[in-house]
Amino acid sequence: MAIIIQSFILKKLNDLTPKDRDENEGQIVDVDEKKVTAREYAKTISELSKARLSALVVSTTSFGYLAAATPISYSTLAAVSLGTALCSASASTLNQIFEQDRDAKMKRTSLRPLVTKQVVGTEGAYALALASGLSGGTALYLGTDPITTALGVGNIALYAGAYTALKPRSEWNTWVGAVVGGIPPIMGYCAATNGAGIFDLEAAVVGSTLFLWQFPHFFALSWMHRIDYARGGFQMVATNDTPDGCATADLITKYTYYLSAMPFLTTLSGITSSMFAVEGIFLNGYAIYVARNFDKERSNGNARKVFLTSLWYLPVWMILFLLHSNKWKEGVEDNDGKDEDLIDILKGKAEELRKIGRDKCIHEIFVFGTDQDGHLNPSLEGSDQSAEKSRCPIPDVLLGTKSKQIDSDIDTKSK
């Protein structure tokens, strides 16, 4: 939808496209006169908007919305998704306008639209960025709430302003960029709660997780392209690092450990069940493994493994968070199969997955036994006499009695 809107805008701005010189006749002609195709327009808009990055931003926004576990308003979800996509596109376009001279010096960015100027020039890009930003802000204002709108519009300024300005000046640009990445899930959460959840602990958790995730992801990427970044004059940790990459490896390892603590913190704070911490051990264990491998041998190959791990790590983390979110357990037992809202359906599916997990738990199988279909014995499962005995002890061993009490309280409320 965002690409369609932008394509329409750019088509209407042909008078602002760059003037290219016809090498054969020595005359100045409009790009439009060279019959730029709709496909070329779409490709240019996708590149200016950094469509893949915008898609990631929208996915984290939607995750934040679902994390609130409120009844789903399709209009609000659509508004926050579209608004976030357009704001992200505006910020990315402005970023490329300001960095086009530096992009021309780098191999990985030398073919960007504003470097080649084959379809659109600087003035057209400014018009596209302005139109995207205004339409994105309008979508957020009309479809969500003032707080979500302020976060979306503010993120344009933070990315296109502070982050872009710092890149050639200070390594701290990475930390500013991480703040930019942490805001979209908070926007989604705020939109779901009509702005009332801005100070909820869940909002802080989803934002902090995305903030921390940025560092292993980007430090690995910048290490692989450190020579190119240096060629463009950008001040990155990797470009200023020693040849052996000591600082880069240290930061990747540290932030991977910080990220691995999040499932434990969410469990101890009562946001998720204790199984999130247990499953997080395996998820984060592998992330730590590849981070430590890079620390031992700081090669581009090991940096690439860290980068690729970060790509699948994030969606897995988000799915596990929702699966074990205590908000997603509320009202499941009271629904009685009457799914009146999409969130109720999703909660029901999550409960089915949790039940499959309990059916595979060695401790609960040992206590209850299974029926002929391999499910826990229904005559014993959940009975008051064996409720305490039935609890899998692994989370309590790892997390202590506080986690045990939290889960016990949740079980009591659901009955």
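Residues numbered from 1 in each chain as written. Predicted model: local features only at pLDDT ≥ 70, side-chain atom pairs only at ≥ 80, totals over all residues. Heavy atoms only, no water.

Right, let's talk about the confidence of the model for the protein for a bit. Scored by pLDDT, the protein has a mean of 84; 75% of the residues are at 70 or more. The model gives residues 379-390 a pLDDT under 50, and that stretch makes 17 contacts with residues more than four places away or in other chains. (pLDDT = per-residue confidence, 0-100. Contact = heavy atoms within 4.5 Å.)

This part is about the pattern of salt bridges. Scanning the entire structure with this criterion turns up five salt bridges. The salt bridge partner of Glu 99 is Lys 167, with a shortest N-O separation of 3.1 Å. Of this pair, Glu 99 sits in the loop between helix 4 (74-98) and helix 5 (100-103) while Lys 167 sits in the loop between helix 8 (146-166) and helix 9 (173-192), and the two are 68 residues apart along the sequence. The pair formed by Glu 99 and Lys 167 is uniform in burial state, with each residue classed as buried. (Salt bridge = Lys/Arg side-chain N within 4 Å of Asp/Glu carboxyl O. Helix = DSSP H or I, 4+ residues; strand = E, 2+ residues; numbered from the N terminus. Buried < 20%, exposed > 50% of the residue type's maximum accessible area, 1.4 Å probe, protein only.)

This part takes up empty space enclosed by the protein. By rolling a water-sized probe across the atoms, one finds the places where empty space is left. Per the stated rule, a full pass over the model turns up one cavity of 30 Å³ or more. Taken as a whole, the largest cavity spans an internal volume of roughly 100 Å³. Lining the largest cavity, in full, are Trp 213, Pro 216, Thr 256, Leu 259, Ala 287, Val 290, Ala 291, Val 306, Thr 309, Ser 310 and Tyr 313. Among the elements of the structure, helix 10 (201-224), helix 13 (246-260), helix 15 (274-296) and helix 16 (300-324) are those that each provide at least two residues to the lining of the largest cavity. (1 Å grid on protein atoms, 1.4 Å probe; cavity = no way out; pocket = protein on both sides within 12 Å on 5 of 7 lines; lining within 4 Å. Points joined across faces, edges and corners; volume = space filled by probe spheres on them.)

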